[in-house]
Structure formats: C-alpha cells, structure tokens
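# Overview (structure and organization)
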Amino acid sequence: MRQQGSQGTGWKLAVGLIVALSGVAAGQGMKDVEAVAKERGLSAADLLAAAKTYTPSGMKDEYVIFSSGGHSGQVFVIGVPSMRLLRTIAVFTPEPWQGWGYGVGNDILAEGNVNGKPNLWGDTHHPAISETKGDYDGEFLFINDKINARIAVIDLRDFETKQIVKNPLTVSDHGGAFVTPDTEYVIEGAQYAVPLGFDYAPISEYKDKYRGSVTMWKFDRKAGRIDKSQSFALELPPYWQDLADSGKLASEGFFFLNSLNTEMATGGIESKQPPFEAGVSRNATDYLHIVNWHKAEQAFKDGKAEMIKGFPVLRIQTLIDEGILFLTPEPRSPHGVDVAPKGDFIVVAGKLDPHVSVYSIDKIKKAIADKKYSGSDDYGIPVLDFDAVIEAQVELGLGPLHTQFGPDGYAYTSLFLDSAVARWTLGGSYGAGTPEPDWTLVSKTSVHYNVGHIGAAEGDTVSPDGKYLVAFNKWSVDRFLHPGPLLAQNFQLIDISAQGTTMPVIYDMPIGIGEPHYAQIIKADKLKPWSVYPEVGWDPHKQAIDPMAPKPKQERIERKDGLVEIYGTAVRSHFTPEHVTVKQGDRVVWRITNVERAVDAIHGFAIPAYNINLSLEPGETAKIEFVADVPGTFPFYCSEFCSALHLEMMGYLMVEPN
Ligand code: K7E
Ligand code: CUA
C-alpha cells in the first residue's frame with residue numbers, strides 16, 4: 001500500500017513553502033495547490049518531494065546517471081533530480097534511430113563477434129566513468145556485457161560507442177567494468193569458470209581444467225581506445241569471481257575481487273552432486289581476491305606472461321611467486337566489494353550474511369609483509385588470516401548487496417531481501433563526520449522492491465557528493481500500471497542530504513526497456529559534450545575530419561569497374577544527389593555529410609530494402625557500403641523530422657536489373 005503522509009499542519013506548511021517559493025500570489029496560489037493536492041490525494045511529503053524533483057521546462061538537471069541498460073545491451077542517460085531519460089546510447093545492440101548497426105557502427109559491432117559469429121545483444125551490468133586521481137573526469141565511459149564477456153568504450157564528447165573488445169579467455173564476465181584511479185586500466189573479471197579460451201572440457205575435469213580470470217585492458221586515453229597490445233590477464237582459480245573494485249589513495253595499486261564458488265561445485269542431479277544453488281553455498285566463507293596490479297603490470301612487462309589463445313596470461317604460479325595475488329576469507333557468497341573514498345577500507349556485502357565486512361588496507365599490507373597466513377588454497381595461493389585484516393563487521397539486515405558512500409562518513413548499502421537501503425557509519429578517520437557512533441546502522445529506507453545496486457552522487461569516487469541516491473529496484477509490483485505481466489523496474493530517487501534518520505524516497509522512475517544493474521551518477525557540469533560536431537565532415541569513429549567527406553558543391557557520383565562511389569550531402573531540406581542509378585550487382589560506397597551547423601538539425605538517411613538508416617548529426621559524415629543485389633526502384637528519405645519540408649527530403653535509388 002502506498003503510504004499517506006500526515007494531512008495536518010505539515011501539509012499546510014508544505015503548500016505554504018511551495019507557494020512562497022513559486023512567488024504565486026499567496027491567497028489564490030495556496031488555494032490552487034491545496035485543491036490539486038486534495039483532488040489527487042497528495043500528502044505534504046508528496047508535495048515536498050515534487051518541489052525537490054519537479055524540473056520546469058528549460059531547467060537543467062544537476063546530475064547525470066549513466067545506467068546499464070541490462071538486456072537492452074545499451075546505456076541509459078538520465079537526469080537527476082528530474083529522473084528524465086535524456087538518451088539511450090547504442091552499445092552492444094543495433095539501434096535504428098541512431099543508425100547503430102544499420103549503416104554506422106556495423107564494424108564496431110563486428111569487433112564484438114564471438115568465434116566469428118555476430119552477437120547482437122548484450123547484458124550490460126557495470127558502467128565506469130573514466131577517472132583522474134580517483135575522481136570522475138567525464139571523458140569516457142566503459143561498460144561490460146556479462147553474457148558475452150565484452151567491454152565497450154564510449155566517448156563522452158558525443159556519447160557514442162567507439163570500441164568493443166571481446167575477451168578471448170572467458171565467455172562471461174561480471175567483475176567489470178571498473179577503472180584504476182587514473183584509468184590506466186579497465187578491469188574485467190570473469191564470472192562463470194570455463195577452460196581458458198572456453199574450449200571444451202568435461203565438467204568432471206573442473207578442478208584441473210576450468211579457470212577464473214581477470215583481464216586488465218590498457219586504456220590509451222589519447223587514442224580513446226583500449227590498446228589490446230598492452231593488455232593482459234591473470235589466471236585465477238575456478239571460484240566464480242564476482243564483483244570487483246579498484247583501490248585508490250591508500251589502496252592505490254591494488255584491486256579486489258570477490259567470489260562465490262570456492263566450493264568448486266559443478267552442479268547436480270545426474271551427477272549425484274547438489275545443484276548449483278546449494279553446492280555453491282556450502283562453505284561458511286569464500287575468498288576475497290587481493291591483487292597487486294602494479295606488480296602484475298611489472299611481471300607482464302618482464303615477459304612473465306604465457307600466451308593463451310593469443311593473449312598474454314600470468315599463470316597462478318607466477319601470481320604466487322611474484323606476490324601479486326592473495327586471498328582472505330569473506331562471509332559466504334558475498335556480492336559487492338566497494339572501496340571507501342580514502343581507499344583505506346574495503347567493504348564486502350554479505351548477500352547470505354546480514355553483515356558487511358570491512359577490511360583495512362593497512363592491515364592487509366601488514367599481513368602481506370608479515371606473511372600472516374592462515375594457510376593456502378588448493379592452488380597454493382596464500383590466504384591472509386581473517387582476524388589480521390578485518391576492521392569491522394556491521395549488521396545491516398537481510399541480503400546486503402552493494403555499497404556507496406557519502407561525503408560525511410556515511411556508507412549506504414542495498415538490502416535485497418529487506419527491500420531497503422541502509423545508512424551506516426564508517427569508523428576510523430571518517431568517524432568525526434557523523435553524529436552517530438562508528439560502525440553502526442543509522443537507519444533504513446524501504447524501497448520498492450528488491451533493490452540491486454544503489455548509486456549515490458559521485459558515490460564511488462574519492463569525493464562523494466551525498467545529496468542524492470538512486471535505488472535500482474528489480475521489482476515494481478504495485479508501483480505503476482501493469483503493461484501486461486512483464487513489469488517495469490523501478491529507479492527510486494532518495495534524498496540523502498540530511499544527516500541522521502531522514503532519507504525519503506522522492507521519485508519513482510519506471511524502466512521498461514531491460515533490467516539495469518549498476519549506474520554511476522556524475523555532476524552534470526563535469527561533462528563537456530559537443531552540441532554539434534566540431535567541423536563539417538567529422539567522422540565520429542576517428543573523432544577527426546574525414547578527408548574523403550563530401551563537401552557542398554562537390555557532390556558527385558564516380559563509377560569504375562562495378563564500383564559506384566557517391567559523394568552526397570544533406571541539408572534542410574534536400575539531399576544531393578537526388579537520383580542515383582546503379583546496375584544490379586554494383587558495389588555501392590555512399591558517403592554523406594550533414595552540412596548543418598545548427599544545434600539539433602539532425603537528418604536521417606534511410607534506404608528501403610537495404611536495411612539502412614543513418615542518424616547524421618550536424619557536421620557528421622558517414623560511409624555506408626552495400627552490394628546493390630536487389631533490382632528495383634527505392635525511394636530513400638530523411639527519417640528524422642527536420643523541417644517543414646522534411647517529407648520532400650528524399651531521392652530515388654534505381655537499381656537497373658542485369
Ligand atoms: Cu548486483 Cu551484475 Cu552488479 Cu545485478 S550485479 S544487482
Ligand atoms: Cu532532413 Cu527530415
């Protein structure tokens with residue numbers, strides 16, 4: 001049931017506040033607000049929430065959410081506090097409006113082919129904004145595709161995907177994308193163990209042949225691309241590595257990965273083994289993986305990697321010999337691992353344990369130096385003594401999953417089974433920021449329902465902003481109208497600006513396009529996107545002028561040996577040329593430039609029967625190629641309503657039969 005707030009004085013105060021703020025003549029304005037509120041059954045809390053989130057026409061949002069698009073394979077861009085969808089960025093899935101996969105981006109999508117076969121959907125989980133010194137810099141965005149173990153690179157100057165890399169060692173990933181504090185590397189941890197390179201091996205050979213892994217993709221910021229030649233991977237035991245996070249400041253040089261199948265369960269029924277669900281949860285503890293990536297990078301540079309599937313891999317024995325990898329127990333089958341703003345604490349959420357476990361990087365470093373091991377695992381990896389590295393355990397409730405941070409010493413953890421977001425206090429040097437004692441649960445806010453990740457404003461950086469937190473809920477049940485049995489997810493905006501126990505939900509945003517997982521929230525003024533491409537003839541893939549780009553007054557058709565090259569332009573409201581005649585079987589290379597300089601003067605370019613549609617943003621040039629194998633007469637047209645004479649913006653492609 002929807003909660004109704006008090007209808008008493010609080011309500012009157014809220015109306016008064018809104019009226020005063022809006023500058024409406026108090027008498028009549030007050031009455032109007034009152035009447036609307038009464039008619040719609042709105043409480044004082046509702047009116048206050050509306051005042052905090054309502055964003056009048058023309059007013060801009062203060063923050064921007066980059067959210068995984070889940071099954072859509074895309075990224076959603078959402079404004080905060082209005083919770084308005086601003087853009088979907090086409091990534092792993094063709095997207096017609098942007099022309100992605102329909103003439104542009106085809107080559108980038110093909111980079112993501114698995115074993116030579118196209119994979120035209122993705123299950124995006126974790127976006128990562130590029131960082132400088134552990135703070136979002138707003139230049140690039142990375143996102144993983146869990147189902148196919150791919151990472152995409154998006155340039156935030158034009159919000160377009162520039163690269164997709166397919167992991168050669170693993171078929172699925174989950175511990176990515178996470179970046180090191182200066183975006184030197186994009187980290188991608190595998191999820192389900194497979195023989196490296198996903199070759200065939202019977203499940204009975206699990207312990208010997210199956211492996212986990214984590215890949216360190218070197219990012220070349222100047223090129224705006226992952227540099228595969230400088231990238232490498234670490235072989236890990238087949239423990240189903242789960243989420244990862246990079247160290248920063250105090251823990252700079254490390255990253256952390258947790259795991260959920262140190263039992264090495266292989267699934268059940270005919271094998272007489274327990275099914276995965278039970279087999280994976282037998283042990284009281286799993287392992288937190290602690291990786292010294294500075295040392296890993298050195299070992300790779302020293303030539304200590306072995307080539308597997310053409311990719312350099314540091315084998316487990318090398319990780320042990322070089323002091324790169326350590327384990328330490330963590331409560332059974334945890335989920336999120338999140339590093340506190342100063343890098344000093346690593347928070348592991350219990351999932352099947354009501355606590356978060358907080359590890360200290362100082363204690364970890366000391367335990368490594370003193371060789372304080374409680375033993376080693378089946379593969380000989382040293383296990384740091386739990387008591388030597390743990391700082392605190394805080395009981396929060398049922399199903400802790402993911403943690404974010406505020407600016408004042410508060411941490412926030414999602415509780416999946418409780419359907420709540422918990423606020424709790426960090427200790428150590430953060431303790432002074434909060435009125436409550438260290439390491440204690442302060443309050444919980446109910447969310448609707450089954451929350452996965454949460455995202456706070458800049459909440460996983462070295463300088464979190466507080467203010468807003470969004471709960472990314474899996475179930476919405478009774479929150480919205482039912483569009484059939486497939487229900488929307490629910491993004492709930494929570495006001496975390498006040499200290500203590502006040503943490504109200506102030507907005508619900510239905511997401512009916514796939515199930516998002518993680519999202520990051522960046523201050524809007526850190527983004528410096530282009531409103532038009534810098535110059536006419538701009539190739540977004542190269543982020544540079546294309547010397548071959550067609551120019552006005554130089555439009556032409558060149559023919560040679562069955563190749564037809566068209567140099568065309570688009571401007572309100574015509575294409576040049578408007579007639580293109582080719583012979584059946586000709587190879588057609590069609591370049592087209594939108595020569596507009598006005599913001600939002602976008603043209604489409606669609607050819608029927610040839611599966612082609614482009615979005616040409618002001619200044620953009622694109623190149624499409626196809627074989628004119630279908631004879632006939634094909635009116636092509638602008639597919640973006642650009643002007644009063646938009647319908648007239650067309651032409652004829654005539655394919656003469658042989
Ligand atoms: Cu918890 Cu993929 Cu980060 Cu979903 S994951 S919730
Ligand atoms: Cu150009 Cu419609």
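These figures come from a predicted structure and were not determined experimentally.

Calculation criteria
- Residues numbered from 1 in each chain as written.
- Chains lettered and ligands numbered in written order.
- Predicted model: local features only at pLDDT ≥ 70, side-chain atom pairs only at ≥ 80, totals over all residues.
- Heavy atoms only, no water.
- Helix = DSSP H or I, 4+ residues; strand = E, 2+ residues; numbered from the N terminus.
- Rg over C-alpha atoms; globule rule 2.2 N^0.38 Å.
- Buried < 20%, exposed > 50% of the residue type's maximum accessible area, 1.4 Å probe, protein only.
- Areas by Shrake-Rupley, 256 points an atom, 1.4 Å probe, with all protein chains shown as cover.
- Pairing = 2+ DSSP bridges.
- Axes fitted to C-alpha atoms, helices over the stretch in contact; angles between N-to-C directions.
- Near = heavy atom within 4 Å.
- Nonpolar A, V, L, I, M, F, W, Y, C, P; charged D, E, K, R; others polar.
- Core = buried A, V, L, I, M, F, W, Y, C linked by side-chain atoms within 4.5 Å.
- Contact = heavy atoms within 4.5 Å.
- Arc of directions from axis to C-beta.
- Polar contact = N/O pair within 3.5 Å; in protein donor to acceptor, adjacent residues only side chain to side chain.
- Salt bridge = Lys/Arg side-chain N within 4 Å of Asp/Glu carboxyl O.
- pLDDT = per-residue confidence, 0-100.
- Phe/Tyr/Trp six-rings, centres within 6.5 Å; stacked < 30°, edge-to-face > 60°.

### Comments concerning the overall build of the protein
On a plain count of helices and strands, the protein comes out with 10 helices and 45 strands. A globule of 658 residues ought to have a C-alpha radius of gyration of about 26 Å, and the protein, at 27 Å, matches this closely. Considered along the principal axes of its C-alpha atoms, the protein spans approximately 80 × 75 × 50 Å. Residues classed as buried in the protein amount to 58% of the 658 residues present. Only carbon and sulfur atoms are counted for the fraction: they give 56% of the accessible area of the protein, which is about 26600 Å².

### Let's talk about the sheet that holds strand β2 (residues 75–80)
As summarised here, the arrangement of the four strands in space is β3-β2-β1-β33, forming an open sheet in which the pairing is antiparallel. Here the strands that pair on one side only, and so sit at the sheet edges, are β3 (85–89) and β33 (519–523). Ignoring which end each strand starts from, the neighbouring axes of this sheet average 20° apart. Summarising the sheet, strand β1 (residues 63–68) and β33 pair through five bridges and their orientation is antiparallel. The residue of β33 that forms the bridge with Val-64 is Ile-522.

### Digging into the site of ligand 1
Around ligand 1 lies a shell formed by His-125, His-126, His-174, Leu-243, His-335, His-402, Gly-452, His-453, Lys-474 and His-517. Mapped by element, the contributors of at least two residues to the shell around ligand 1 are β4 (124–132) and β29 (451–456). Grouping the amino acids of the shell around ligand 1 by side-chain chemistry returns one nonpolar, eight polar and one charged.

### Observations regarding the nonpolar core
Judged by nonpolar contacts, the single largest core of 36 residues is most densely connected at Phe-232, Leu-234, Phe-255, Leu-314 and Ile-324. At the level of elements, β9 (185–190), β11 (210–220), β12 (225–236), β14 (254–259), β15 (285–292), α7 (293–301), α8 (316–321) and β18 (325–331) are the ones that each hand at least two residues to this core. Of the residues forming this core, the biggest block, four residues, is contributed by α7. Setting aside residues up to four positions removed in sequence, Phe-232 forms contacts with Tyr-185, Val-214, Thr-215, Met-216, Ala-296, Glu-297, Phe-300, Phe-311, Pro-312 and Leu-314. If you look at the next biggest cluster of nonpolar residues, it comprises 27 residues, including Val-564, Ile-612, Leu-614 and Phe-626.

### Focus: the environment of Val-36
Tracing the backbone shows Val-36 in helix α2 (residues 26–40). Distance in space between the C-alpha atoms of Val-36 and Thr-266 is 60 Å, their sequence separation being 230 residues.

### A word on helix α9 (residues 361–369)
If you check which residues of α9 are buried, you get Ile-361, Ile-364, Ala-367 and Ile-368. Axial view of α9: buried residues confined to an arc of 120°, hence all on one face. What points out from α9, more than 90 degrees from its buried face, is the exposed set Asp-362, Lys-366 and Ala-369. One side-chain oxygen of the residue at the start of α9 lies 3.2 Å from the amide nitrogen of Asp-362, identifying that residue as Ser-360. Lys-371 sits one or two positions beyond α9 and adopts a positive phi of about 50°.

### Some details on the pattern of salt bridges
If you walk through the whole model with that rule in mind, you get 31 salt bridges. A salt bridge links Glu-297 to Lys-301, with the shortest nitrogen-to-oxygen separation between them at 3.8 Å. Of this pair, Glu-297 and Lys-301 both sit in helix α7, four residues apart, roughly one helical turn. Of the residues examined, Glu-297 reaches a relative accessible area of 15% and is grouped as buried.

### Section: the environment of Met-83
Note on placement: Met-83 falls in the loop between β2 and β3. Residues Met-83 and Ile-381 lie 298 residues apart in sequence; the distance between their C-alpha atoms is 46 Å. Sequence-distant contacts of Met-83, defined by excluding residues within four places in its chain, comprise Ile-65, Ile-78, Val-470, Phe-491, Leu-493, Tyr-507 and Met-509.

### Considerations on the sheet that holds strand β32 (residues 505–511)
On the basis of which strands lie adjacent, the open sheet formed by four strands has the order β29-β30-β31-β32 and antiparallel pairing. Edge strands, defined here as strands with exactly one partner in the open sheet, are β29 and β32. Mean inter-strand twist for the sheet, computed between neighbouring axes without regard to direction, equals 20°. Bridging between β29 and strand β30 (residues 468–473) involves four bridges; their strand directions are antiparallel. What sits directly across from Ile-454, in β30, is Ala-471.

### Some details on the confidence of the model for the protein
Per-chain confidence: the protein averages 95 in pLDDT, with 96% of residues scoring 70 or above. Contacts of residues 1–9 to residues separated by more than four positions or lying in other chains number 12 contacts, the stretch itself having pLDDT below 50.

### Focus on the packing of aromatic side chains
The final tally for this structure, using the stated rule, is 29 aromatic pairs. Judged by centre distance (5.0 Å) and plane angle (70°), the ring pair of Phe-140 and Phe-219 falls under edge-to-face. Residue Phe-140 is located in strand β5 (residues 135–145), and its partner Phe-219 is located in strand β11; the two are separated by 79 residues in the primary sequence. Taking relative accessible area as the criterion, Phe-140 reaches 4% and is therefore assigned buried. Owing to a relative accessible area of 5%, Phe-219 belongs among the buried residues under this scheme. Taken together, the ring pairs in this structure connect Tyr-185, Phe-232, Trp-293 and Phe-300 into an aromatic cluster.

### Details of the side chain of Thr-621
Inspection of the secondary structure assignment puts Thr-621 in strand β43 (residues 621–627). For Thr-621, a relative accessible area of 5% puts it in the buried group. Reaching out from Thr-621, the side chain makes a polar contact with the side chain of Thr-593 at a distance of 2.9 Å. For Thr-621, the contacting residues outside a window of four places in its chain are Gly-537, Trp-538, Asp-539, Pro-540, Asp-546, Ala-549, Pro-550, Ile-592 and Thr-593.

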